[in-house]
Amino acid sequence: MGYKALIILELPNASEEQKNIFHTVLLKELWFKIQNLNTAWEISFNQNWSRGGAIEAIESDLKKAREISGIQQIKYALQLDIQLVIKSC
């Protein structure tokens, strides 16, 4: 069983267009928006990923999305575990 990540994102001062581009990049990187929660995302990694590797991949995806969208600043909280993300939405 691989790691599961819960990421809470804030994109201060970003326009709606920038946010849409940012979110599109994450979706292409196989991130999933948690329904009915404005800033919550999840991503899963298979058992071949180390904890450090998963964190590096998440940070790389965020950097890529920031650069493509032109967003100046992102803020996030990240929780990584082997358990599924529990949702009630």
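For the structure itself, look to the data block above.
Okay, so let's go over this structure.

### Some details on the overall build of the protein chain
Along the protein chain, the regular secondary structure elements total 2 helices and 4 strands. What you see in the protein chain, going N to C, is helices and strands ordered as β-α-β-β-α-β. Its C-alpha radius of gyration of 13 Å places the protein chain within 12% of the 12 Å reference for a compact globule of 89 residues. Seen through its principal axes, the protein chain has C-alpha atoms that stretch 40 × 30 × 20 Å. When the 89 residues of the protein chain are sorted by exposure, 34% land in the buried category. A fraction of 76% describes how many contacts in the protein chain between residues 6 or more apart in sequence connect residues 24 or more apart. Accessible area of the protein chain: about 5,900 Å², with a carbon and sulfur share of 49%. The distance from the centre of the 10 positive side-chain charges to the centre of the 10 negative ones in the protein chain is 1 Å.

### With respect to the nonpolar core
By size, the foremost hydrophobic cluster in this structure holds 21 residues, and its most contacted members are Phe22, Leu26, Trp31, Ile58 and Leu62. Per-element tally for this core: the top contributor is helix H2 (residues 51-69), with 5 residues. Non-local contacts of Leu62, meaning those with residues more than four positions away in its chain, are made with Leu9, Phe22, Leu26, Trp31, Ile74 and Tyr76.

### Re the packing of aromatic side chains
Tallied over the full model, the rule gives 2 aromatic pairs. On the numbers, 6.3 Å between centres and 70° between planes, the contact of Trp31 with Trp41 is edge-to-face. Of this pair, Trp31 sits in the loop between helix H1 (16-28) and strand S2 (32-33) while Trp41 sits in strand S3 (residues 40-44), and the two are 10 residues apart along the sequence. Exposure class is identical for Trp31 and Trp41. Each is buried.

### Remarks on unusual backbone geometry
Phi at Asn13 takes a positive value of approximately 65°, unusual for a residue other than glycine. Here Asn13 is to be found in the loop between strand S1 (4-10) and H1. Residues other than glycine seldom take positive phi values, yet Leu30 does so here, at roughly 70°. When you line up the elements, Leu30 lands in the loop between H1 and S2.

Procedures and definitions
Residues numbered from 1 in each chain as written. Predicted model: local features only at pLDDT ≥ 70, side-chain atom pairs only at ≥ 80, totals over all residues. Heavy atoms only, no water. Helix = DSSP H or I, 4+ residues; strand = E, 2+ residues; numbered from the N terminus. Rg over C-alpha atoms; globule rule 2.2 N^0.38 Å. Buried < 20%, exposed > 50% of the residue type's maximum accessible area, 1.4 Å probe, protein only. Contact = heavy atoms within 4.5 Å. Areas by Shrake-Rupley, 256 points an atom, 1.4 Å probe, with all protein chains shown as cover. Lys, Arg positive; Asp, Glu negative; His and termini not counted. Charge placed at Lys NZ, Arg CZ, Asp CG, Glu CD. Core = buried A, V, L, I, M, F, W, Y, C linked by side-chain atoms within 4.5 Å. Phe/Tyr/Trp six-rings, centres within 6.5 Å; stacked < 30°, edge-to-face > 60°.

Purely spatial values, then, with no claim about function.
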